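# Chains, contacts and geometry: an overview
Residues per chain are reported as follows:
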Amino acid sequence: MSGIDEITEARKQGRAALDEFTGKRLLASFGIRVPKSLVIQDATEAAAACGKLKPPLVLKVVSPDILHKSDAGGVKVGLRNADEVEEAVRAMMKRPAIENARIDGLLLEEMAPAGLEIVVGGLRDPQFGPLVMVGLGGIFVEVLADVSFRICPIARLDAEEMLDELKGAVLFRGARGRKPVSREGIVDVLLKVGGEKGLMMMHGDDIAEADINPIIVSEHAAVAVDARFVLTQPKN
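Residues numbered from 1 in each chain as written. Predicted model: local features only at pLDDT ≥ 70, side-chain atom pairs only at ≥ 80, totals over all residues. Heavy atoms only, no water.

Time to look at helix H4 (residues 82–93). In a regular helix each residue adds 1.5 Å, so twelve residues correspond to 16 Å; H4 covers 16 Å between its end C-alpha atoms and thus fits that length. All of the buried residues along H4 are Ala82, Glu84, Val85, Ala88, Val89 and Met92. Around the axis of H4, the buried residues are gathered within 155 degrees of arc, so they sit on the same side. Looking at H4, the residues exposed on the side facing more than 90 degrees away from the buried face are Asp83 and Glu87. Looking at the buried side of H4, the elements it contacts are strand S2 (37–40), helix H3 (46–50), strand S3 (57–62), strand S4 (75–79), helix H5 (96–99) and strand S5 (105–110). Measuring from the side-chain oxygen of the N-cap residue of H4 to the backbone nitrogen of Asp83 gives 3.2 Å; that N-cap residue is Asn81. (Helix = DSSP H or I, 4+ residues; strand = E, 2+ residues; numbered from the N terminus. Expected span 1.5 Å × (residues − 1). Buried < 20%, exposed > 50% of the residue type's maximum accessible area, 1.4 Å probe, protein only. Arc of directions from axis to C-beta. Contact = heavy atoms within 4.5 Å. Polar contact = N/O pair within 3.5 Å; in protein donor to acceptor, adjacent residues only side chain to side chain.)

Written out as structure tokens, the structure is:
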């Protein structure tokens, strides 16, 4: 399914945003690495799903009513086998914030290699059109607000300059015993989101906000482990 098909299908269903599984499929269609994943509906499907994935695994709730999955108890990491996944599913579905929400399913995926968390985002500005953003990801994007923006489309030089503008750019080279991470991997993601043929240029009329957070960057790769896309209001 192409990106426009996924967006069209979401609109047909009356959705204002793409769910995480669909959002990652959109990213993959632009060549951005995402974890191998499957959607299951309940604990009974866990064993079959685990046989198709390489542990350790991550379990996440998929719900249009839950914006912050971790706060709702809707994320469980480090699951090693089907028994642990089944137990995690049952415990997760009993969480009050989840028990009373609309549930589309549960996302089961392979854990990405350890690394530095960054965020890449996009938005449609009424005056300037599509914009792309990069910053330190995870909790740091809100705590430190260490981000850089550019108007799309960007070129490689723009992406390099965006990274250099970050106060935390020293972390890319390794700091306090940490291993350096793939700066080229981050540039590649930025170009695939904000470049001339990137996601925000190709689908900027449909995407009001893109939030790819975190992207885990290791020594050799950048993997998008969470993604949220808010769609623009349909034109009458």
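On we go from here.
Mapping Asp206 onto the fold places it in the loop between helix H9 (199–203) and strand S9 (207–217). For Asp206, a relative accessible area of 18% translates into the label buried. A polar side-chain atom of Asp206 sits 3.3 Å from a polar atom in the side chain of Arg11. Beyond its immediate chain neighbours, meaning those up to four positions away, Asp206 contacts Ile4, Ile7, Arg11, Val230, Leu231 and Thr232.

A few words now on the sheet that holds S2. The sheet built from four strands is open, its strands ordered S2-S5-S3-S4 with antiparallel pairing. At either margin of the open sheet sits one strand with a lone partner, and together these are S2 and S4. Each strand axis lies, on average, 20 degrees off the axis of its neighbour in the sheet, ignoring direction. Relative to S4, S3 is paired through three bridges, and the arrangement is antiparallel. Looking across to S4, one finds that Lys60 is bridged to Val75. Relative to S5, helix H2 (residues 20–29) is tilted by about 45 degrees, and along the sheet it contacts S2, S3 and S5. (Pairing = 2+ DSSP bridges. Axes fitted to C-alpha atoms, helices over the stretch in contact; angles between N-to-C directions.)

This part is about the packing of helix H7 (residues 156–165) against helix H8 (residues 183–194). Describing two packed helices takes the angle between their axes plus the distance from one axis to the other. Close contact between H7 and H8 brings their axes to 9 Å; oriented N to C, the two are set at 120 degrees. In terms of orientation, H7 lies oblique with respect to H8. Taken as a pair, H7 and H8 cross one another with a handedness that is right-handed. The residues of H8 that touch H7, namely those facing Arg156, Ala159, Glu160, Met162, Leu163 and Asp164, are Arg183, Glu184, Ile186, Val187, Leu190 and Leu191. (Parallel < 35°, antiparallel > 145°, perpendicular 65-115°, else oblique. Left-handed = near helix turned anticlockwise from the far one by under 90°.)

In this structure, Ile118, Val120, Val134, Phe172, Leu190, Ile215 and Phe229 are the most contacted members of the largest nonpolar core, which totals 38 residues. With residues near it in sequence (within four places) discarded, Leu190 still touches Val120, Val132, Met133, Val134, Ile154, Ala159, Met162, Leu163 and Gly195. Listed in part, the 21 residues of the second largest apolar core include Leu53, Ile66, Leu79 and Met92. (Core = buried A, V, L, I, M, F, W, Y, C linked by side-chain atoms within 4.5 Å.)

As a further point, take the pairing of S9. Taking burial as the measure, the eleven residues of S9 include eight buried ones, the bulk of the element. With seven bridges connecting them, strand S6 (residues 116–125) and S9 associate as antiparallel partners. If you follow Val120 over to S9, its bridge partner there is Ile212. With four bridges connecting them, S9 and strand S11 (residues 228–231) associate as antiparallel partners. Paired with Asp211 across the bridge in S11 is Arg228. Bridging between S9 and strand S10 (residues 222–224) involves three bridges; their strand directions are antiparallel.

A word on H2. Every buried residue of H2 is accounted for by Glu20, Thr22, Gly23, Lys24, Leu26 and Leu27. For H2, the side-chain oxygen to backbone nitrogen distance between the N-cap and Phe21 is 3.1 Å, and the N-cap itself is Asp19. Immediately beyond the C-terminal end of H2, within one or two residues, lies Gly31, with a positive phi of roughly 85 degrees.

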